[in-house]
Amino acid sequence: MRHLLDLERGEGAPSLDLEWLRLRCEDTLRYADDLQDASVRELKADFAGFDTRFPSLLSQDLLAELNGLGT
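These notes cover the structure that comes with them. (Residues numbered from 1 in each chain as written. Predicted model: local features only at pLDDT ≥ 70, side-chain atom pairs only at ≥ 80, totals over all residues. Heavy atoms only, no water.)

**Observations regarding the pattern of salt bridges**
When the charged atoms of two side chains lie near each other, side chains of opposite charge can form a pair.
Here is step 1: Throughout the structure, instances matching the rule amount to six salt bridges.
Here is step 2: The partner of R2 in a salt bridge is D6, with the nearest N and O atoms 3.5 Å apart. Of this pair, R2 and D6 both sit in helix α1 (residues 2-9), four residues apart, which is roughly one turn of the helix.
Here is step 3: Note on R2: relative accessible area 53%, which makes it exposed.
Here is step 4: Close ionic contact of R22 with E8 constitutes a salt bridge, the shortest N to O distance being 2.8 Å. One end of the pair, R22, is in helix α2 (residues 15-30); the other, E8, is in helix α1, with 14 residues separating them in the sequence. By the burial criterion, R22 is buried, and E8 matches it. (Salt bridge = Lys/Arg side-chain N within 4 Å of Asp/Glu carboxyl O. Helix = DSSP H or I, 4+ residues; strand = E, 2+ residues; numbered from the N terminus. Buried < 20%, exposed > 50% of the residue type's maximum accessible area, 1.4 Å probe, protein only.)

Below is the structure:
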């Protein structure tokens, strides 16, 4: 999430979109068990949509880490 926060503060960045994505991460971390699993699946879709809308803004390391969650 640190990467998202750094991006959020950057000039010219889509800060509201990044804030929303970061808050989704925080929400997902608060959930437990099946609810967290479902939220992780949705979060992956949210990140993929963000990456499509803002290509190359998110690091490949971050995307790879996210794709490894819940597997």
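**Remarks on the nonpolar core**
Here is step 1: Grouped together as the largest cluster of nonpolar side chains are 12 residues: L4, L7, L18, L21, C25, L43, F47, F50, L58, L62, L63 and L66.
Here is step 2: Contributions of two or more residues to this core are made by α1, α2, α3 (33-53) and α4 (60-67).
Here is step 3: If we skip the residues at most four places from it in the chain, L62 touches H3, L4 and F47. (Core = buried A, V, L, I, M, F, W, Y, C linked by side-chain atoms within 4.5 Å. Contact = heavy atoms within 4.5 Å.)

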